Amino acid sequence: GGDGTADDDKKWSPKVLNTFEDPVWRVSWSITGNILAVSSGDANVTLWKEELDGVWSLVNQVEDAAGGAQGE
C-alpha cells in the first residue's frame, strides 16, 4: 500500500450502519458480499447494502412472527 497501487483502494475502515436499541446477535454477509444481514435482540433481521457513494442503506427488514421464541 501507499504506492498508488490498487491495494490502496481496498483498505478496510469501520462505519456505523445504525444504532440498534437491542443487542446485535449475529451478522452475516451474502454469498456475493454486497448485502449484510444483522440479527438483533428485538427479533428482527435487517438487510443493509453499501451504495456507490459509500453510504449504507437499509434495504429490507424482517420481523419474527413468533416474537423471538426459539425451540417451539
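Everything here concerns the structure above.
Residues numbered from 1 in each chain as written. Predicted model: local features only at pLDDT ≥ 70, side-chain atom pairs only at ≥ 80, totals over all residues. Heavy atoms only, no water.

A short note on the pattern of salt bridges
In step 1: Applying the stated criterion across every chain, the model contains one salt bridge.
In step 2: In this structure, Lys15 and Glu50 form a salt bridge, with 3.9 Å as the shortest nitrogen-oxygen distance. Taken together, the residues Lys15 in the segment before strand S1 (24-29) and Glu50 in strand S3 (residues 44-50) connect sequence positions 35 residues apart.
In step 3: Judged by relative accessible area, which is 38%, Glu50 ranks as partly exposed. (Salt bridge = Lys/Arg side-chain N within 4 Å of Asp/Glu carboxyl O. Helix = DSSP H or I, 4+ residues; strand = E, 2+ residues; numbered from the N terminus. Buried < 20%, exposed > 50% of the residue type's maximum accessible area, 1.4 Å probe, protein only.)

Remarks on the layout of surface pockets
To find leftover empty space, a probe the size of one water molecule is rolled over the atoms.
In step 1: Of the volumes computed, that of the largest pocket is approximately 350 Å³.
In step 2: Residue lining of the largest pocket: 15 residues in total, with Trp12, Ser13, Lys15, Trp29 and Trp56 positioned closest to the centre. (1 Å grid on protein atoms, 1.4 Å probe; cavity = no way out; pocket = protein on both sides within 12 Å on 5 of 7 lines; lining within 4 Å. Points joined across faces, edges and corners; volume = space filled by probe spheres on them.)

Some details on the environment of Val59
In step 1: Relative to the elements of secondary structure, Val59 occurs in strand S4 (residues 56-63).
In step 2: Note: C-alpha distance between Val59 and Leu47 (twelve residues apart in sequence) is 5.6 Å.
In step 3: Discounting residues that sit within four places of it in the chain, Val59 has contacts with Ile35, Leu47, Trp48 and Lys49. (Contact = heavy atoms within 4.5 Å.)

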